[in-house]
Amino acid sequence: SAVISQKPSRDICQRGTSLTIQCQVDSQVTMMFWYRQQPGQSLTLIATANQGSEATYESGFVIDKFPISRPNLTFSTLTVSNMSPEDSSIYLCSVEEDTQYFGPGTRLTVL
Amino acid sequence: GQQLNQSPQSMFIQEGEDVSMNCTSSSIFNTWLWYKQDPGEGPVLLIALYKAGELTSNGRLTAQFGITRKDSFLNISASIPSDVGIYFCAGLPRSNDYKLSFGAGTTVTVRA
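Residues numbered from 1 in each chain as written. Chains lettered and ligands numbered in written order. Predicted model: local features only at pLDDT ≥ 70, side-chain atom pairs only at ≥ 80, totals over all residues. Heavy atoms only, no water.

1. Thoughts on the overall build of chain A
Within chain A, the secondary structure is distributed over zero helices and 11 strands. Mapped from its N terminus to its C terminus, chain A presents α and β elements in the order β-β-β-β-β-β-β-β-β-β-β. For chain A, the spread of C-alpha atoms along the three principal axes comes to 35 × 25 × 20 Å. Considering chain A as a whole, with its 111 residues, one finds that 53% of them fall into the buried category. Put simply, of all contacts in chain A between residues at least 6 apart along the chain, 53% involve residues at least 24 apart. (Helix = DSSP H or I, 4+ residues; strand = E, 2+ residues; numbered from the N terminus. Buried < 20%, exposed > 50% of the residue type's maximum accessible area, 1.4 Å probe, protein only. Contact = heavy atoms within 4.5 Å.)

2. Things to note about the packing of aromatic side chains
Working definition: an aromatic ring pair is given by the centre-to-centre distance plus the angle between the planes. Under the defined criterion, the tally for this structure stands at nine aromatic pairs over all chains. When the ring of B:Phe88 is compared with that of B:Phe102, the centres are 6.5 Å apart and the planes differ by 85°; the resulting orientation is edge-to-face. Here B:Phe88, found in strand S9 (residues 85–92), pairs with B:Phe102, found in strand S10 (residues 101–102); they are 14 residues apart in sequence, far enough to count as distant. Comparing B:Phe88 with B:Phe102, the two get one shared label, buried. Put simply, the rings of A:Tyr35, A:Phe102, B:Tyr35, B:Phe88 and B:Phe102 pair up and form one aromatic cluster. (Phe/Tyr/Trp six-rings, centres within 6.5 Å; stacked < 30°, edge-to-face > 60°.)

3. Notes on the interface of chain B and chain A
The partner chain A presents 19 residues to the 17 residues of chain B that form the contact. Together, the buried faces of chain B and chain A total about 1400 Å²; carbon and sulfur atoms form 58% of this surface. When the buried surface of chain B facing chain A is broken down by residue, B:Tyr98, B:Lys99 and B:Phe102 rank first, second and third, together holding 35% of it. The interface formed by chain B and chain A includes six residue pairs in polar contact (both at pLDDT 80 or more). With three residues, the single largest contributor to the side of chain B that touches chain A is strand S4 (residues 31–37) of chain B. Split by residue class, the side of chain B that touches chain A holds 10 nonpolar, five polar and two charged. (Buried area = accessible area lost by both parts, 1.4 Å probe. Polar contact = N/O pair within 3.5 Å; in protein donor to acceptor, adjacent residues only side chain to side chain. Nonpolar A, V, L, I, M, F, W, Y, C, P; charged D, E, K, R; others polar.)

4. Focus on the pattern of salt bridges
All names here are of chain B. Taken as a whole and assessed by the stated rule, the structure comprises five salt bridges over all chains. One salt bridge in this structure joins Asp38 and Lys36, with 3.1 Å as the shortest N-O distance. For Asp38, a relative accessible area of 33% translates into the label partly exposed. On the basis of relative accessibility, which here comes to 13%, the residue Lys36 falls in the buried class. For the salt bridge of Arg60 with Asp83, the shortest nitrogen-to-oxygen distance reads 2.8 Å. One end of the pair, Arg60, is in the loop between strand S6 (55–58) and strand S7 (61–65); the other, Asp83, is in the loop between strand S8 (71–76) and S9, with 23 residues separating them in the sequence. (Salt bridge = Lys/Arg side-chain N within 4 Å of Asp/Glu carboxyl O.)

5. Observations regarding unusual backbone geometry
As a rule of thumb, non-glycine residues mostly have phi less than zero, and peptide bonds are mostly trans rather than cis. A cis amide bond links A:Lys7 to the next residue, A:Pro8, at an omega of -10°. With respect to the element layout, A:Pro8 can be found in the loop between strand S1 (4–7) and strand S2 (10–13). For the bond running from B:Ser7 to B:Pro8, omega is -5°, close enough to zero to count as cis. The phi dihedral of A:Asn82 is positive, around 45°, even though this residue is not glycine. For A:Asn82, the location among the structural elements is in the loop between strand S8 (75–80) and strand S9 (89–96). What makes A:Asn82 exposed here is its relative accessible area of 53%.

6. Comments concerning the environment of B:Ser26
All names here are of chain B. Inspection of the secondary structure puts Ser26 in the loop between strand S3 (19–24) and S4. Relative accessible area serves as the criterion here: at 63%, Ser26 is assigned to the exposed category. On a C-alpha basis, the gap between Ser26 and Lys70 in space is 6.5 Å, while along the polypeptide they are 44 residues apart.

Listed below in structure tokens is the structure:
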């Protein structure tokens, strides 16, 4: 299966700032996804990161709040914009090969 | 995607015990997946099931794809301390769909 890395692994940020999370895969993959996992909760799909075009967002998530880039088949970024404490979560990228595999996650705390 | 009904929400294990958890859905799924998440880590795929009735093992783990295609279970035999963690079921309603629906998770801890 693909090896997925995320940076940063964790961060503590101030309210009103933005954080960009990077996801790197060791092989070319067509499908990449971004998920949010709020404390003590399950995973919720934010968007599908499409290579060369705009991401496809799920209901409740908008591009202005969570802009996503996918410049090539091995890399994607998710930005959490104008953060508030409610954005404190684990953010995970995943890739689809024969099935879905997840990165190690980025643990974000917003003060 | 829709939320899957996963139970139990939590369980305590004693080393050597067999434990079981399951997941149900109100609609048909074509793929069932079981993941384990350790603290501070991302979910790791344990078992993938693609056919109704399929029974698949991975070491001490066994999972089955229900015949109705609306449920799946995961068994852990002879549990050991490193089995603690959160187990998630996930499903895909269609073979060409990549949007996973997740259960709420089963938290497994060691009984004191």
